[in-house]
Amino acid sequence: MTSHSGRGLSRRDALKTGLSAGIATLAAPGILRAQAPRELVIGGAASHKPWVETHVMPFFEKKYNCKITFEGTRSLVNLEKMQKNKDKPYLSIVQMDDPVMILAVKEGLLEPITAAKVPNMAKLKPGTVHMDGMWANYLQPWQGVAYNTNVLKTPPASWADALDPKFKGRIIVPSLQNTEGLPNLFMFAHLATGKPMAEAYKDIDAAFKELQKLKPNLLTVYSQMPQAFSLLEQGEAHMILGALSSFGMQRRLDGAPITMAAPKEGIFPVPSGIAVVKGGPNADLAFAYMNELLGAEVQSKIAGPTFAMPTNTDTPVPPGMPTDAKIHTIDWAFVAENRTEWVKRWDREMAT
Amino acid sequence: MNSMAGKRVIWLAVPALAFLAIFYAAPLFYLLARSFVGPSGFTFGLFSAFLADAYNWRVIGNTLRIAMLVTLVCLVVGYPVALALARARGFAQVILLTAIILPLSVGVVVKAFAWQIVLRRDGAIARLLVSTGIWDEPQRLLFTEPGLVIGAANVFLPFMILPIYSVVKLIDPRLWEAGATLGASPLYRFRKIILPLTMPGIISGMAFVFSMSVSMFVIPSLLMGDRFQTLATLTGRSFLLMRNEALGSATAVVLLVLAVSIVVGSTWLSRRIGRSA
Amino acid sequence: MPDSPFLDVRQATKSFGATRVLDGVDLAVKRGEFVSLLGPSGCGKTTLLRLIAGLASADSGNFELDGQEIARLPPHRRDVGVVFQSYALFPHLTVSENIAFGLKAKGAPPGEITATVRQFLGLVHMESMADRSVRALSGGQQQRVAVARALAVKPKLLLLDEPFSALDRKLRETMQIELRRLLRELAITAIFVTHDQDEALIMSDRIAVMNRGRIEQFATPEAIYARPATPFALEFVGLSTRIAGTVTTYDDAGFVTVETPQGPLRAKGRFAVGSPVLLGIRPECIRFGEGGGENRIAPVLTDIVFQGARVQAHFESQSDLPILIETSTGLPSELAAGMPVPLSFAVEDTLAYPAEVAR
């Protein structure tokens, strides 16, 4: 796990942005020579569809004279589509969660990227390109603490605030079954040991011990995110630890009395990964698409609507995002190895 | 002639049987078979490992306790409703029947969210209990076992009422009057006439509600959350999250065996009680 | 007080919605008496029975049984047994259990229950069926069990609601006699609802003829047959020849002359000249030829109906009122359909009713 400070990410440099756009154009001519519009099939999440169709598709189709077909579903389904068609893939690009990317790498389904094929790779924040270029993160929605603004007049300063007895039966956390459930484990390891996150996160024993302190304050452990947020909005719950910014900020924009806080211990980016399918059709288009998604132009368009942090260092951080929070990147390989054990332990130790 | 016609009529059941065979029996058989297959062939290992874990016994206990409580609440609440429904006439009966059947068209998820509102600390139930002085101050009902039982009983109530109603409806009202003219008090008549005659309805209602609540998945996950595992939620998680088909099959088989044996056993027991009453 | 009635119903009134089913009915039944409520369906007889049993409540009226006001008592405190038309046996119980039901409900000691059940099984000849399910019984057997069940609790009053209507005729006649004997043996006061006049005539000490929510006549079977109080009683109980006409003369001895389509006829009665009347004659009072009495008619024969011991002869009439003779002594041999036949009957046997109330 790597941690770094996000301080200064919001500063932008117009010149750099222009430069990266120029590189993208230089890479384009070979593709532009093709006559009939070719098709690029992308497997992504259903929730991606709005921004892909609005901000990416028209721009990309025009620039590269091709047609994009976007299949929105769940990460595990995309994985299955790749497995089933391994000999003759029809997907060229997948947009999936990082943990599923690991599985895809293990099965040899992904094509690594290089700076030569995807020039924007060089502009990415550290920790956003994984397993020697197997996939990269184009956006980072993040996980922090969501709280009800009617109940809490000031944002929680620390994750440990949730342990205050005054929140008896008022705290919600995600299930470890859900991807967003994992950061709490690492944060509680950090709270328990007091060591820096990079050292602390592997001490899962300490995490579980510390979580026992949270038990009296737990209202529930959710597996359905909308339910958790509706409880928070109704005031039955006061805080959700590990809430997703993309969900929480949207609810806030819709007028719900909640908002997101980035406490002093830091926040967790939720990696939205993109990868090229090994042996997929129109590889040149696939790399071009990936390059665009990692580029500042597209990222600046989609970071706002998705309440996420961009990964391209040239992209301005949209308003409302934390600009000076500590950011902890999750060690997904460690997660993949141990998650089943953790879930088992969680069931036993966190049960009512 | 009659038996010939009877034999031909049997063919009418073929579509349903084929449907069940393909979409129910075959997967079930696969599940059963899967739970006996270990890395080195046939084994009881999955079950012995599962049953050796004290936590799993707690899960089994949770599952059975909740299912029994839900069944009991449905019976206590539903039985008088079934009697009233059978007794009601005209418009009142239409209203009652609609009130019972219409909620079946509302999805479980929607109902669970509705219950979330009702069971809140500032919800209707808490306010009622505080205003009547039963509670000194609002307490948490949501994500507690009583909350789960109330919510699940609400969802399954029609499956208790309707079988009992269909039996009550067939009881000659003269039997009640005959009992009265023989000098039997209303309570005695209820115990010795109505109760034994409605026993078949009670049995099927209880079997319905029990088998549905022992295997419910969405309701506990929404009204109880992840901290309360039942055999059904454990099965779901094994298949969906852990991708451990063998464990999922084992828990599913344990659930199946428990549910079937309790339904069959209680049916047998109630029949006996019904006969001796 | 042996003279005061055992059951005394006064001014019983009951309406269902706008329909008045009972319209101020009085009924006084003596201890040990067997009374029939006779009338067509819808006349209110079953409703009156249900009011007495407490299975329905009257809008107004007094109900006294054995000197006690019972109108406010629930049915299980009235000591009034009922044999229902459908028998209403408890289908989940055996024959013995059905008979024992009321005794158990009253908390009788087990020994007494066993003895009483055995006694009543014997009285209704059902000993061999004691442990059968009632579902396996024939109609007649079910009827016996229903009677035994009602009597086993020794009610003050037994009410029977058309208990024979589901039985075939032969069985019905046997059961009627059997029931009459049983009730007399046990000295049970009983009220019996029926629409079958023969049944009422055979079984009853007294018959209350009911029509449209009222009792039109309450008297012994003989009195009702010989002197029906109303045209309805005349028509409903037994057969009769009925002839409509208008009074032409009236004398001080209480006789009238009536002009009818069959010619002038004389009858007992006090009516003003010109008033429309209905004359009724029982068929066995009419003779062939001229020896039967002063009144003579000669209608055309239409039909001869052989009924075993008795023979009926039907004649043409101008209205829809029947003209018929019933005899057990045989018909004149020369009778043939289509010929006019001279008939005669006594003035004393000619009953006269005001025609307005006739249907």
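Cut-offs and rules
Sequence positions are assigned chain by chain, starting from 1 and proceeding in written order. Each chain gets a letter, beginning with A, and each ligand a number, beginning with 1, in the order they are written. Since the coordinates come from a predicted model, pLDDT governs what is reported: local features require at least 70, and pairs of side-chain atoms require 80 or more to be given and counted, while whole-chain, interface and lining totals use all residues. What counts as a helix is a DSSP run of H or I of at least four residues, what counts as a strand is a run of E of at least two, and both are numbered from the N terminus. Comment: burial labels come from other C-beta atoms within 10 Å of the residue's own C-beta, placed from the backbone, where a count of 20 or more is buried, 12 or fewer is exposed, and between is partly exposed. Once C-beta atoms are placed from the backbone, any two residues with those atoms within 7 Å are in contact. By definition here, a helix of n residues has an expected span of 1.5 Å times n minus one. A residue's bend is simply the angle between two axes: one fitted to the seven residues ending at it, one to the seven starting at it. Residues are grouped as follows: Ala, Val, Leu, Ile, Met, Phe, Trp, Tyr, Cys and Pro are nonpolar; Asp, Glu, Lys and Arg are charged; every other residue, Gly included, is polar. A set of buried Ala, Val, Leu, Ile, Met, Phe, Trp, Tyr and Cys residues, joined through C-beta atoms within 7 Å, is what we mean by a nonpolar core. For the domains described, the bounds stem from an automatic or database domain assignment. Pairs of strands are assigned from DSSP output, requiring at least two bridges between the strands. Structural elements are reduced to axes, namely lines fitted to C-alpha atoms, with helices fitted over the stretch in contact, and the angle between N-to-C directions of any two is expressed from 0 to 180 degrees. Oblique is the label for any angle not covered by the other classes, which are roughly parallel (under 35 degrees), roughly antiparallel (over 145) and roughly perpendicular (65 to 115). Throughout, a crossing is termed right-handed when the near helix is turned clockwise from the far one, and left-handed when it is turned anticlockwise from it by less than a right angle.

**Quick word on the overall build of chain C**
Moving on, step 1. Assigned secondary structure in chain C consists of 8 helices and 21 strands.
Moving on, step 2. The proportion of buried residues among the 359 residues of chain C is 42%.
Moving on, step 3. Here the contacts in chain C between residues at least 6 apart in sequence split such that 65% fall between residues at least 24 apart.

**Brief notes about helix 10 (residues 186–214) of chain B**
Moving on, step 1. For helix 10 of chain B, built from 29 residues, the straight-helix expectation of 42 Å at 1.5 Å per residue is missed by more than 12%, its first-to-last C-alpha distance being only 35 Å.
Moving on, step 2. The largest bend in helix 10 of chain B is about 50°, located at Met 199 of chain B, with the proline Pro 200 of chain B one to four residues further on.

**Concerning the interface of chain B and chain C**
Moving on, step 1. Of the residues lining the interface, 15 residues belong to chain B; the matching set on chain C comes to 18 residues.
Moving on, step 2. Listed by contribution, the elements that provide at least two residues to the side of chain B that touches chain C are helix 9 (173–181) and helix 10 of chain B.
Moving on, step 3. Counting residues per element, the side of chain B that touches chain C draws most heavily on helix 9 of chain B, at 6 residues.
Moving on, step 4. Across the side of chain B that touches chain C, the residue classes break down as 9 nonpolar, 3 polar and 3 charged.

**As for the interface of chain B and chain A**
Moving on, step 1. Counting residues at the interface gives 18 residues for chain B and 21 residues for chain A.
Moving on, step 2. Elements supplying a minimum of two residues to the side of chain B that touches chain A: helix 6 (108–118) and helix 11 (218–223) of chain B.

**A closer look at the nonpolar core**
Soluble globular proteins: nonpolar side chains tend toward being buried together.
Moving on, step 1. Ranked by internal contacts, the top residues of the largest apolar core, which has 154 residues, are Ile 93, Ile 171, Ile 172, Met 239 and Met 290 of chain A together with Val 70 and Phe 156 of chain B.
Moving on, step 2. Counting residues domain by domain, this core receives three or more from each of domain 1 (9–140 + 272–319) and domain 2 (141–269 + 329–347) of chain A.
Moving on, step 3. Core analysis: the next-biggest nonpolar cluster, separate from the first, contains 105 residues, Leu 37, Ala 148, Ile 207 and Ala 233 of chain C among them.

**Digging into the arrangement of the chains**
Moving on, step 1. No other pair among the 2 pairs of chains in contact exceeds the contact count of chains B and C.
Moving on, step 2. With no contact formed, the shortest span from any C-alpha in chain A to any C-alpha in chain C equals 47 Å.

**Here we look at the environment of Arg 272 of chain B**
Moving on, step 1. Counting through the fold element by element, Arg 272 of chain B comes out in helix 13 (residues 245–276).
Moving on, step 2. For the pair formed by Arg 272 of chain B and Gly 123 of chain B, sequence separation is 149 residues and the distance between their alpha carbons is 43 Å.

**Focus: the sheet that holds strand 19 (residues 323–327) of chain C**
All names here are of chain C.
Moving on, step 1. One open sheet accounts for 3 strands, arranged 17-18-19; its pairing is antiparallel. On the outer flanks of this sheet lie strand 17 (301–307) and strand 19, each paired with one strand and no other. The average undirected angle you get between the axes of adjacent strands in this sheet is 15°.
Moving on, step 2. In terms of strand pairing, strand 17 meets strand 18 (residues 310–315) through 6 bridges, oriented antiparallel. Along strand 18, the bridge assignment pairs Leu 301 with Phe 315.

**Structural notes on the sheet that holds strand 8 (residues 189–194) of chain C**
Strands pair in a sheet through their backbones, by hydrogen bonds, and they do so in one of two ways: parallel or antiparallel.
All names here are of chain C.
Moving on, step 1. The sheet built from 6 strands is open, its strands ordered 6-7-8-3-9-10 with mixed pairing. In the strand order of this sheet, the two ends are held by strand 6 (80–83) and strand 10 (214–219), each with one partner. The mean angle between the axes of side-by-side strands here comes to 20°, regardless of whether they run parallel or antiparallel.
Moving on, step 2. Running at roughly 175° to strand 6, helix 4 (residues 139–152) makes contact with strand 6 and strand 7 (157–161) of the sheet.

**Quick look at the packing of helix 3 (residues 110–123) of chain C against helix 4 of chain C**
Residues and elements named next belong to chain C.
Moving on, step 1. Two elements in contact, helix 3 and helix 4, have axes whose closest approach is 9 Å; the angle formed by their N-to-C orientations is 140°. As far as their axial angle goes, helix 4 and helix 3 are oblique. Handedness of the helix 3/helix 4 crossing: right-handed. Residues Thr 116, Val 117, Phe 120, Leu 121 and Leu 123 of helix 3 lie in contact with helix 4, whose contacting residues are Ala 148, Leu 151 and Ala 152.
Moving on, step 2. Its residues assigned to classes, the contact of helix 3 with helix 4 shows 7 nonpolar, 1 polar and no charged.

**Here we look at the domain arrangement of chain C**
Moving on, step 1. As assigned here, chain C comprises domain 1 (7–228) and domain 2 (239–357).
Moving on, step 2. Here the C-alpha centre of domain 2 of chain C lies 39 Å away from the C-alpha centre of domain 1 of chain C.

**Quick notes on the domain arrangement of chain A**
Residue and element names in this part refer to chain A.
Moving on, step 1. The domain boundaries assigned to chain A delineate domain 1 (9–140 + 272–319) and domain 2 (141–269 + 329–347).
Moving on, step 2. Relative placement of domain 1 and domain 2: their C-alpha centres are 29 Å apart.
Moving on, step 3. If you list the elements that add at least two residues to the side of domain 1 that touches domain 2, you get helix 5 (98–106), strand 7 (135–148) and strand 14 (308–310).
Moving on, step 4. A class-by-class count of the residues in the side of domain 1 that touches domain 2 yields 6 nonpolar, 4 polar and 2 charged.

**Details of the pairing of strand 3 (residues 34–38) of chain C**
Residue and element names in this part refer to chain C.
Moving on, step 1. Counting buried residues along strand 3, 5 of its 5 residues qualify, which places the element largely inside the surrounding structure.
Moving on, step 2. Along strand 3, one buried face is formed by Phe 34, Ser 36 and Leu 38 and the opposite face, lined by Val 35 and Leu 37, is buried too.
Moving on, step 3. Of the strand pairs in this sheet, strand 3 and strand 8 are connected by 5 bridges, and their pairing is parallel. Each bridged residue has a counterpart across the sheet, and for Leu 38 the counterpart in strand 8 is Thr 194.
Moving on, step 4. The sheet contact formed by strand 3 and strand 9 (residues 206–211) spans 4 bridges and is parallel. Of the residues in strand 9, the one forming a bridge with Val 35 is Arg 206.

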